[in-house]
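Chain and residue survey
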Amino acid sequence: MDPEATAAYWFHHNVSDWQPGSPWAHRRLDESGIDDVVGTVIETDAPRRLVLTWASPGEERPHGPSRVTFELKPYGDTVQLTVTHVNLRDEQELRQISGGWSFVLSNLKTYAETGKALSIPA
């Protein structure tokens, strides 16, 4: 994953060497070096599958960090992307994270189709 490409549609750099066991960070674009989300790369099977842990820096979760799986599969002449985010605390966290994923994935689709991202909502 190219940090500059992810910045275009996610408005954060996703930084890692993407090897299983390596750390990854969801780093702000403002050059502050602040990571809003951190985790560990659990599994990579490029370009088909990526599994990451997901937590705020320093966050202690009683059942461990949440986990995100990205899967790409051929779908006719296109590609299907499935994102699964599990081990969330409760319904409130599910609603919050679902809204974020909806925006990121819509923006990714727009970026892939047009080369331009959606604007950040005010």
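Residues numbered from 1 in each chain as written. Predicted model: local features only at pLDDT ≥ 70, side-chain atom pairs only at ≥ 80, totals over all residues. Heavy atoms only, no water.

Attention now goes to the side chain of H85. If you trace the backbone, H85 turns up in strand β6 (residues 78-86). A polar atom in the side chain of H85 sits 2.8 Å from the side chain of S66. Discounting residues that sit within four places of it in the chain, H85 has contacts with W54, S66, R67, V68, I97 and W101. (Helix = DSSP H or I, 4+ residues; strand = E, 2+ residues; numbered from the N terminus. Polar contact = N/O pair within 3.5 Å; in protein donor to acceptor, adjacent residues only side chain to side chain. Contact = heavy atoms within 4.5 Å.)

Before going further, it helps to spend a moment on the packing of aromatic side chains. If you walk through the whole model with that rule in mind, you get nine aromatic pairs. When the centroid spacing of 6.4 Å and the interplanar angle of 25° are considered together, the rings of W10 and W54 count as stacked. Placement of W10 in helix α1 (residues 3-10) and of W54 in strand β4 (residues 49-54) is noted, with a sequence separation of 44 residues between them. Neither W10 nor W54 differs from the other in exposure class; each is buried. The rings of Y9, W10, W18, W24, W54, F70, W101 and Y111 are connected pair by pair, giving a single aromatic cluster. (Phe/Tyr/Trp six-rings, centres within 6.5 Å; stacked < 30°, edge-to-face > 60°. Buried < 20%, exposed > 50% of the residue type's maximum accessible area, 1.4 Å probe, protein only.)

Before going further, it helps to examine the environment of P20. Here P20 shows up in the loop between β1 (12-15) and β2 (23-28). Ignoring sequence-local partners within four residues, the contact set of P20 consists of V41, I42 and T44.

Right, let's talk about the confidence of the model for the chain for a bit. Of all residues in the chain, 96% attain a pLDDT of 70 or more, and the chain-wide mean is 91. For the chain, the element scoring lowest by mean pLDDT is α1, at 82; β4 scores highest, at 97. (pLDDT = per-residue confidence, 0-100.)

Negative phi characterises most residues that are not glycine, and trans characterises most peptide bonds. Omega for the bond connecting A46 with P47 falls within 30 degrees of zero, at 0°, which places this linkage in the cis form. Here N87, not a glycine, exhibits a phi torsion of approximately 65°, which is positive. Residue position: N87 is located in the loop between β6 and α2 (91-114). Judged by its relative accessible area of 30%, N87 is partly exposed.

So, on to the pairing of β6. Two strands pair when backbone bridges link them, and strand β5 (residues 66-75) and β6 are joined in this way by nine bridges, in the antiparallel orientation. Among the inter-strand pairings, Y75 is bridged to a residue of β6, identified as T78. Hairpin connection of β5 to β6: two residues between the antiparallel strands, including G76 at a positive phi of 65°. (Pairing = 2+ DSSP bridges.)

On the surface, L72, V79 and L81 cluster together to form a nonpolar patch covering roughly 240 Å² of accessible area. Here V79 shows up in strand β6. Note on V79: relative accessible area 57%, which makes it exposed. (Patch = residues over 30% accessible without salt bridge, like charges linked within 9 Å, V, L, I, M, F, W, Y side chains within 5 Å. Areas by Shrake-Rupley, 256 points an atom, 1.4 Å probe, with all protein chains shown as cover. Salt bridge = Lys/Arg side-chain N within 4 Å of Asp/Glu carboxyl O.)

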